[in-house]
Amino acid sequence: MADTSGRDTWGRDTSGRDTWDPDAEPAVPPVPPVPAPDDGTAPPAPDGAGDAASRAGEESHGPGGGPDGGPDAGRDRRQQPDERAEDDRGYDDLRRFHQLVNNNFYGTVDASGAAFGFGAAASPGLAPGIIEPAATDRALRFYVPPRPCFDEASDKLRRNGLVVLTAQEGSGRGAGALALLREILGSQAELRSLSPANALAELAASPNLKPKQGYVILDYVGELHVEAVQTYEIGRLSEELRRRGSYLVITAGDPARRRLALRDHCVPWRAPDPVALFEHCTRQLPPAVVEPDTERELLRRVGEQQRPADVVAAAVALSRDGAEAALDMLRDGDQDRVREWFGRQPPADDLLPLAALAFLEGIPERTFEEQCAALAAHVGSWRQSGETPAAEPDGSPEDLLTGAVADQSRARWRDRAVGIVTTEHRPGPGRDGVRSERRLVFTSPRVRELVIAELHDLYGYGLWYPLRRWLGELALLGDLDTRTEVARGVALLARYALADVDENLLKVWSEGVTSQRVTAALTLQFMCEAEHLAPQALNIVVGWVDNNGPGRAVTAAMALTGRLGTLYRLEALNWLWFLAQRGERIAFSARRSLVLLLQTAEQDPQRALFTVRYVRTVIGRTAPGSRERSIALRTAVQLLEATRLEAPEPVTAELLRGVPDSARHLGALWADVLHSGNRSRAVSALCRTLVDLRDDPSVTGAVGRLGEAMRNAMNQRQWAALCHHLSVALRHPDYAIPGARRLAQVLLGSLRGRPPADPRRSAGSLMSTTPFPSARGGRSK
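All residue numbers here refer to positions counted from 1 along the written sequence of the relevant chain. In keeping with the model being predicted, local features are shown solely for residues with a pLDDT of at least 70 and side-chain atom pairs are shown and tallied solely at 80 or more, while totals for entire chains, interfaces and linings include all residues. Side-chain metrics rest on all non-hydrogen atoms present in the structure, leaving aside hydrogens and water.

**Q** Go over the overall build of the chain, please, and point to the residues and values.
**A** Elements are defined by DSSP. Helices are runs of H or I of four residues or more, strands are runs of E of two residues or more, and each kind is numbered from the N terminus. The secondary structure content of the chain amounts to 35 helices and 10 strands. Here's how the labels work: a residue is buried when its accessible area is under 20% of the maximum for its type, exposed when over 50%, partly exposed in between, all with a 1.4 Å probe on protein chains only. A burial count over the chain gives 56% of its 781 residues as buried. Here the contacts in the chain between residues at least 6 apart in sequence split such that 78% fall between residues at least 24 apart. Total accessible area on the chain is roughly 31,400 Å²; 49% of this is exposed by carbon and sulfur atoms. Whether two residues touch is decided by their heavy atoms; if any such pair falls within 4.5 Å, the residues are in contact. Throughout, the Shrake-Rupley method with a 1.4 Å probe supplies accessible areas, and for residues the shown protein chains are the sole cover considered.

**Q** Describe the packing of helix H14 (residues 348–359) against helix H18 (residues 461–477), and please don't skip the residues or the numbers.
**A** H18 packs onto H14 with a crossing angle of 45° between their chain directions and a minimal axis gap of 12 Å. Viewed along their axes, H14 and H18 adopt a mutual orientation that is oblique. Seen along the crossing, H14 lies across H18 with a hand that is right-handed. Residue-level contacts link Leu352, Ala356 and Phe359 of H14 to Leu463, Trp464, Leu467, Trp470 and Leu471 of H18. In this count, Pro and Cys sit with the nonpolar residues alongside Ala, Val, Leu, Ile, Met, Phe, Trp and Tyr, while Asp, Glu, Lys and Arg are called charged and the others, Gly among them, polar. By residue class, the composition of the contact of H14 with H18 is eight nonpolar, no polar and no charged. Note on definitions: angles span 0 to 180 degrees between N-to-C directions of axes, and those axes are lines fitted to C-alpha atoms, for helices only across the stretch in contact. By the definition adopted for this analysis, an angle is roughly parallel if under 35 degrees, roughly antiparallel if over 145, roughly perpendicular if from 65 to 115, and oblique otherwise. Each crossing gets its handedness from the near helix: less than a right angle anticlockwise from the far helix is left-handed, clockwise is right-handed.

**Q** Tell me about the packing of helix H9 (residues 274–284) against helix H11 (residues 308–321), residues and numbers included.
**A** At a closest axis distance of 9 Å, the pairing of H9 and H11 adopts a crossing angle of 35°. At the point where H9 passes H11, the crossing takes the right-handed sense. In contact with Pro274, Leu277, Phe278, Cys281 and Thr282 of H9, H11 contributes Pro308, Val311, Val312, Ala314, Ala315 and Leu318. When its residues are assigned to classes, the contact of H9 with H11 shows 10 nonpolar, one polar and no charged.

**Q** Before we move on, could you go through the nonpolar core and cite the residues and values that matter?
**A** Nonpolar side chains tend to gather and get buried jointly when the protein is soluble and globular. The term nonpolar core refers to a set of buried residues drawn from Ala, Val, Leu, Ile, Met, Phe, Trp, Tyr and Cys, joined through side-chain atoms within 4.5 Å. In this structure, Phe359, Ile420, Val451, Leu455, Trp470 and Met710 are the most contacted members of the largest nonpolar core, which totals 158 residues. Excluding residues that lie within four positions of it along the chain, tryptophan 470 makes contacts with Ala356, Phe359, Leu360, Gln371, Ala374, Leu375 and His378.

**Q** Lay out helix H13 (residues 333–343) in plain terms, naming residues and giving numbers.
**A** Every buried residue of H13 is listed here: Asp334, Val338, Trp341 and Phe342. Projection of H13 onto a plane perpendicular to its axis shows the buried side chains occupying an angular sector of 95°, all on one side. Those residues of H13 that are exposed and angled more than 90 degrees off the buried face are Glu340 and Gly343. With its phi angle positive at about 50°, glutamine 345 sits one or two positions after the end of H13. The arc in question is the one spanned by the directions pointing from the helix axis to the C-beta atoms.

**Q** Describe the pairing of strand S7 (residues 247–252), with residues and values.
**A** For S7, the tally of buried residues reaches six of six residues, placing the bulk of the element in the interior. Alternating residues of S7 divide into Tyr247, Val249 and Thr251 and Leu248, Ile250 and Ala252, and every residue in both groups is buried. Summarising the sheet, strand S4 (residues 162–166) and S7 pair through five bridges and their orientation is parallel. Considered in S7, the bridge of valine 163 is made with valine 249. Here, any two strands with at least 2 DSSP bridges between them count as paired.

**Q** Which residues make up the pattern of salt bridges, and what values go with them?
**A** Each salt bridge in this description consists of a side-chain nitrogen of Lys or Arg and a carboxyl oxygen of Asp or Glu lying within 4 Å of one another. Counted under the stated rule, the structure contains 46 salt bridges. Between glutamate 485 and arginine 448 there is a salt bridge, with the nearest N and O atoms lying 2.9 Å from each other. With glutamate 485 in helix H19 (residues 480–494) and arginine 448 in helix H17 (residues 445–458), this residue pair connects regions lying 37 residues apart in the sequence. Summarising the burial analysis for this pair, glutamate 485 and arginine 448 share the class buried. Where arginine 644 meets glutamate 654, a salt bridge forms, and the shortest distance between an N and an O atom there is 3.8 Å.

**Q** Provide a residue-level description of the sheet that holds strand S6 (residues 214–217), including the pertinent values.
**A** With mixed pairing, six strands are arranged side by side in an open sheet as S3-S5-S6-S7-S4-S8. Edge strands, defined here as strands with exactly one partner in the open sheet, are strand S3 (129–131) and strand S8 (266–268). Strand after strand, the sheet turns through a mean of 25° between neighbouring axes, direction not considered. The pairing of strand S5 (residues 191–193) with S6 spans three bridges and is classified as parallel. Its bridge partner being in S6, arginine 192 is matched across the sheet by tyrosine 215. Relative to S4, helix H4 (residues 149–160) is tilted by about 150°, and along the sheet it contacts S4, S7 and S8. Sitting on the sheet, helix H5 (residues 173–185) is in contact with S3, S4, S5, S6 and S7, with an inclination near 170° to S7.

**Q** Account for the environment of proline 211, with residues named and values stated.
**A** Turning to its location among the elements, proline 211 is positioned in the loop between helix H6 (200–205) and S6. Each C-alpha atom, one on proline 211 and one on serine 246, is 5.5 Å from the other, the two residues being 35 residues apart in sequence. With sequence-adjacent residues up to four places away left out, proline 211 is seen in contact with Arg244 and Ser246.

**Q** So what about the pairing of S4? Which residues, and what values?
**A** On a regular strand, each side chain points to the face opposite its neighbour's, so the side chains alternate between the two faces of the sheet. Most of S4 sits inside the fold, with five of its five residues counted as buried. A two-sided burial pattern is seen for S4, the buried positions comprising Leu162, Val164 and Thr166 on one face and Val163 and Leu165 on the other. Sheet topology note: the S4/S8 ladder contains three bridges and is parallel. Bridge pairing links leucine 165 to valine 267 in S8.

**Q** Just give me the short version of the packing of aromatic side chains, but keep the residues and values in it.
**A** Within 6.5 Å between ring centres, the rings of Phe, Tyr and Trp (the latter by its six-membered ring) count as paired, and their orientation is classed by plane angle as stacked under 30 degrees, edge-to-face over 60, tilted in between. For the coordinates displayed, the defined rule picks out nine aromatic pairs. Aromatic side chains phenylalanine 359 and tryptophan 464 sit 6.4 Å apart centroid to centroid with 85° between the ring planes, which places their arrangement in the edge-to-face category. On the criterion of sequence distance, the pair formed by phenylalanine 359 in helix H14 and tryptophan 464 in helix H18 is long-range, its members being 105 residues apart. Assigned by exposure class, phenylalanine 359 and tryptophan 464 land together as buried.

**Q** So what's going on with the environment of lysine 156? Residues and values would help.
**A** Topologically, lysine 156 is positioned in helix H4. Overall, lysine 156 belongs to the buried group, its relative accessible area being 11%. Apart from residues no more than four positions distant in its own chain, lysine 156 is found in contact with Gly161, Leu162, Val163, Asp264, His265, Cys266 and Val267. Polar contacts, as used here, are pairs of N or O atoms within 3.5 Å; protein pairs need one atom able to donate a hydrogen and one able to accept it. Residues neighboring in sequence count only if both atoms are side-chain atoms. Here aspartate 264 takes part through its backbone oxygen, which lies 3.2 Å from a polar atom of the side chain of lysine 156.

**Q** Please provide a residue-by-residue account of the environment of arginine 283, values included.
**A** Mapped onto the secondary structure, arginine 283 falls in helix H9. On the accessibility criterion, arginine 283 (63% relative accessible area) is exposed. Placed 141 residues apart in sequence, arginine 283 and phenylalanine 142 show a C-alpha to C-alpha distance of 9.8 Å.

As structure tokens, then:
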């Protein structure tokens with residue numbers, strides 16, 4: 001493992017996926033070189049290695065100010081217990097949020113293709129890694145190349161090895177990138193998606209740039225280097241791609257064309273003609289009977305569409321459900337109703353409740369009424385302050401907000417927003433139907449987004465200034481349910497006003513108190529539901545990591561869990577490992593986030609194994625006795641102690657039950673930790689796993705393989721010590737269960753046939769006889 005002052009920006013996992021670390025910058029602390037997990041067994045540390053470093057190193061601080069160093073470091077260390085308690089509450093909130101996600105999605109829908117429980121698989125290429133040919137086939141099933149931009153892009157890609165497709169989101173530029181690479185490299189070529197936050201210069205310098213390879217970067221977030229340097233580096237990249245016969249297609253927003261370094265490589269992209277695309281789709285689908293008048297209306301509606309995905313969806317609906325279903329989809333009645341409502345210029349006592357509902361959908365009506373009154377108070381305070389709107393356009397609807405807001409009338413919702421808002425009774429989290437409450441909800445999820453879009457398009461400072469102050473108050477004082485809805489609404493607002501959301505909300509919340517930081521982290525998770533915002537969410541988090549204070553660093557660690565950590569799993573692990581080597585408060589949060597990543601991966605076994613393999617690799621690449629080794633071992637033991645989100649059972653037991661290859665990786669990880677000062681906790685975690693598996697005969701083989709993997713990573717003395725101390729630990733009242741002892745015999749059965757050892761002498765020198773704790777883990781003790 002190299003020193004943290006440099007970084008190896010390329011990582012490889014066992015499937016051969018290539019990604020590299022987030023954008024580097026001279027003023028940014030570099031990410032340590034962390035390779036992606038490999039399939040080999042990491043070499044064990046010498047007996048007791050890292051103990052002294054662990055005790056000394058955990059209080060070390062790195063660059064960045066505050067608790068990471070400087071003259072106030074002593075005072076900040078005195079503040080850490082209070083900060084730790086605050087961070088604990090934040091992670092408790094995150095855990096409850098993830099539990100709710102699992103209950104709402106994994107428990108009720110088929111989420112085999114989902115990530116983080118949101119119920120929809122990511123588009124091909126969104127997550128870095130290999131793009132499987134079958135996924136590319138599905139993405140291009142109905143593809144029609146837009147002319148002439150497709151031909152122009154193809155020519156530029158062949159000449160330079162690099163092209164940038166610039167257009168608004170939803171124009172089909174992602175499918176265009178895959179189609180261009182396939183046209184040049186063939187349908188069987190291997191395509192790889194790269195992180196949108198990477199520096200292109202690093203790709204040019206990487207020795208892992210493969211020949212005859214197709215690369216794609218979707219929704220590129222841009223470079224921060226000086227233009228002259230960037231131009232030179234991009235020229236080098238183009239030359240290297242041509243030399244190797246490889247090709248890179250980047251998709252980006254229109255502003256990319258204004259960047260001097262990319263200007264010569266950009267091609268303005270256009271969506272294909274919607275009618276031509278629709279007819280192409282219908283020729284490939286089972287035919288549907290359509291009356292002439294209906295067909296004319298259908299084609300007229302299709303011609304109005306801006307997004308190729310909507311045209312394809314209408315063609316599929318026509319073939320599957322008939323013309324009326326396709327027309328209903330194309331008419332977009334939700335959008336018509338929302339625009340009609342705002343077109344009537346609603347008075348303040350109608351507008352403010354609807355604006356509040358856009359950020360507080362589904363909370364109990366009594367709570368919603370309180371928050372509506374709070375929003376009205378913010379509007380009134382702003383009016384009384386005498387402040388005038390800055391650069392307000394003529395004809396602004398701000399005048400509609402004058403006057404007092406009427407008292408809330410529950411009956412009035414029947415005619416206040418017909419077709420937009422409805423009411424329903426539902427219980428709160430963890431309650432039965434008897435305790436259900438009336439809640440205001442939009443008639444469809446799309447209506448909520450449309451309302452926020454209209455609020456952003458029609459209203460300016462006079463509404464949004466008090467609205468932002470109100471949202472800040474909710475992020476500070478609201479309960480978790482309220483803050484979750486605030487985060488969901490702010491993420492929808494980011495689709496239309498990302499700069500405003502980042503500058504006026506996320507930056508403020510990210511360095512605030514725990515409730516604000518959790519709200520900021522949840523907002524970034526919800527932003528990832530819009531695929532074009534996922535790279536921006538990653539970019540924001542990376543900015544918080546880099547020399548922006550301990551508060552934002554902790555918020556970044558919180559944000560790197562969940563959906564964001566699922567999409568960019570290697571980068572999330574790299575940045576969390578970087579944070580784990582900072583001051584103790586930040587390191588503690590990074591370890592908690594790594595545990596949470598493992599816990600939320602329960603429905604995605606390969607992602608769970610990836611996390612385990614990553615920590616194994618870090619341990620194997622760190623020097624014996626080093627501070628990095630002690631940090632990695634402390635992280636590993638917390639993973640082994642982690643419990644499931646939904647129950648107190650160990651995550652390790654669930655992996656052994658359901659993931660065939662988990663025994664090998666868990667065994668090697670356990671062996672590493674057993675060689676360190678964390679050995680008693682490791683034995684205790686092993687006992688809890690055996691207790692949880694005791695009544696499941698199907699796991700006998702997995703437990704045997706676990707023992708074999710542990711033995712392969714130990715010498716004879718170490719194995720004898722484990723046998724002795726596991727036997728001692730199983731006498732503890734929490735573990736003294738016949739079924740657990742039987743599994744322990746299976747675990748240790750591979751000892752048979754080996755030369756006998758003196759277990760008492762060897763055990764005493766290797767393992768502490770301190771009583772083993774029964775408390776369940778997942779956090780630092």
